[in-house]
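# Observations on chain architecture
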Protein chains: 2
Amino acid sequence: MSDESFASSERTRLRRLPKRGHYDRRTIYQILDAGFVCHIGYVIDGRPYVTPTSYWRHGDKVYWHGSHASRMLAEVTDAPVCLTVTHVDALVLARSGFHSSINYRSAMLFGTARKLDGEADKLRALEAFAEHLYRGRWRELRPPTRQELLATTVVEMQIEEASAKIRTGPPADDDTDYALPIWAGIVPLSLTRGTPQDDGRLAAGVEVPGYLREGETG
Amino acid sequence: MSDESFASSERTRLRRLPKRGHYDRRTIYQILDAGFVCHIGYVIDGRPYVTPTSYWRHGDKVYWHGSHASRMLAEVTDAPVCLTVTHVDALVLARSGFHSSINYRSAMLFGTARKLDGEADKLRALEAFAEHLYRGRWRELRPPTRQELLATTVVEMQIEEASAKIRTGPPADDDTDYALPIWAGIVPLSLTRGTPQDDGRLAAGVEVPGYLREGETG
């Protein structure tokens with residue numbers, strides 16, 4: 001992983017609270033790799049649309065996929081896209097509403113999406129996605145059929161510009177407010193994986209695989 | 001809460017998997033009220049931007065806020081906006097990659113944002129936000145100063161069009177795949193609130209308030 005920074009531009013430079021801004025690949029990729037659901041922004045007839053979808057990263061490219069009938073995938077192809085990933089880490093309860101906040105890590109990427117054409121490229125990308133969610137699962141699955149690959153659109157976006165915004169730590173109250181009899185601090189938040197629930201139709205002898213016996217994500 | 005539906009239009013009608021689409025206020029408001037972080041889509045010079053921010057709903061309006069110096073708030077004022085809220089409920093592990101999915105609830109709203117001008121309107125809106133996060137906390141806080149209200153922009157968006165997308169339940173595998181020796185089912189996901197951590201600067205005798213001794217959100 002490179003520490004090199006993405007070029008800063010008018011589009012990505014944080015004007016307000018610049019100390020929360022980050023432009024280095026390491027920070028941005030860590031935020032991307034910690035998640036699997038992003039929000040894709042695109043424009044139709046001059047109006048904004050935001051669609052949630054799963055995504056994954058490989059090198060300096062991000063990927064997402066869906067049905068070849070998806071309107072979002074049709075609209076983003078060869079068009080400018082903003083892809084945003086957000087992790088909510090804590091509620092920050094200050095002694096005033098004004099200083100109350102949220103601890104979070106978010107990455108905002110800009111680029112142009114393009115469709116993957118070749119079957120082999122698609123297969124490689126889908127395997128990377130499955131492995132991102134659960135390392136080891138892909139090779140257990142029934143492999144994709146030719147029909148399924150044809151029905152699946154995978155888009156790839158080279159990250160042209162990117163920035164991250166991060167807030168951590170306790171509230172920052174006004175000096176005179178610390179004397180007030182008000183509880184202040186943070187309430188940690190995390191996206192927790194619960195106990196796997198099989199679908200009640202497992203073939204005889206199938207056990208919960210090892211990669212499902214873990215803790216947290218996000 | 002009304003069961004009346006938002007008008008369906010080309011913009012919000014689900015073309016693919018129409019059974020996942022919902023247009024009634026009850027469903028959409030439940031999704032909105034279960035969350036507090038959304039993704040705001042807007043357009044600058046024909047290009048899409050997606051910014052995460054906290055939000056809250058009152059009636060058929062949604063609100064968000066920030067510094068009067070925020071670029072996002074300046075850009076969305078009197079402009080078309082898409083506001084999307086997404087809750088990720090489970091990973092859906094099918095016996096093939098093709099049928100693997102995510103259980104989620106998302107709401108996509110369209111409207112035009114406008115700034116709240118009056119101090120009283122702003123105060124009421126900020127109170128609603130605090131109470132949405134923790135009922136009872138607002139009246140404990142040091143009240144906003146005139147200066148803080150001036151420095152805070154609150155925007156209000158009448159929901160003009162809206163749709164929800166929901167996926168629930170186990171994977172839907174191909175009939176012939178159920179015989180395969182592959183684990184399939186769901187892994188529940190939830191945004192969990194952890195133990196509150198005070199900031200180490202509490203005034204003498206301040207205890208954790210009752211509204212912080214709860215369970216889950218999201």
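The structure this text deals with has already been given above.
Here we summarise the structure given alongside this text. (Residues numbered from 1 in each chain as written. Chains lettered and ligands numbered in written order. Predicted model: local features only at pLDDT ≥ 70, side-chain atom pairs only at ≥ 80, totals over all residues.)

### With respect to the overall build of chain A
When its secondary structure is counted, chain A shows 4 helices and 10 strands. N-terminal to C-terminal, the α/β element order of chain A is β-α-β-β-β-α-β-β-α-α-β-β-β-β. Seen through its C-alpha atoms, chain A measures out along the principal axes to roughly 65 × 50 × 35 Å. Taking all 218 residues of chain A together, 36% fall into the buried category. Taking contacts inside chain A between residues at least 6 apart in sequence as the whole, the part at least 24 apart equals 72%. (Helix = DSSP H or I, 4+ residues; strand = E, 2+ residues; numbered from the N terminus. Buried ≥ 20, exposed ≤ 12 C-beta atoms within 10 Å, placed from the backbone. Contact = placed C-beta atoms within 7 Å.)

### Description of the relation of the copies chain A and chain B
Between chain A and chain B, the superposition needs a rotation of 180° and an axial shift of 0.0 Å, giving an RMSD of 0.0 Å. Each copy turns onto its partner about a two-fold axis. For chain A, the residue whose C-alpha comes nearest the rotation axis is A:Leu191, separated from it by 2.2 Å. A shared interface surface links the copies, since 100% of the contact residues of chain A are contact residues in chain B too. (Least-squares fit on C-alpha atoms with pLDDT ≥ 70 in both.)

### A closer look at the interface of chain A and chain B
Each partner contributes residues to the interface: chain A has 73 residues there, and chain B has 73 residues. Within the residue set of the side of chain A that touches chain B, elements represented by two or more residues are strand 2 (37-44), strand 3 (47-58), strand 5 (80-93), strand 6 (101-115), helix 3 (119-133), strand 9 (185-193) and strand 10 (197-198) of chain A. Top contributing element to the side of chain A that touches chain B by residue count: strand 9 of chain A, with 9 residues. Among the residues making up the side of chain A that touches chain B, the classes are represented as 43 nonpolar, 17 polar and 13 charged. Taken together, the 5 bridges between strand 9 of chain A and strand 9 (residues 185-193) of chain B define a ladder with antiparallel strand orientation. Each bridged residue has a counterpart across the sheet, and for A:Leu189 the counterpart in strand 9 of chain B is B:Arg193. (Nonpolar A, V, L, I, M, F, W, Y, C, P; charged D, E, K, R; others polar. Pairing = 2+ DSSP bridges.)

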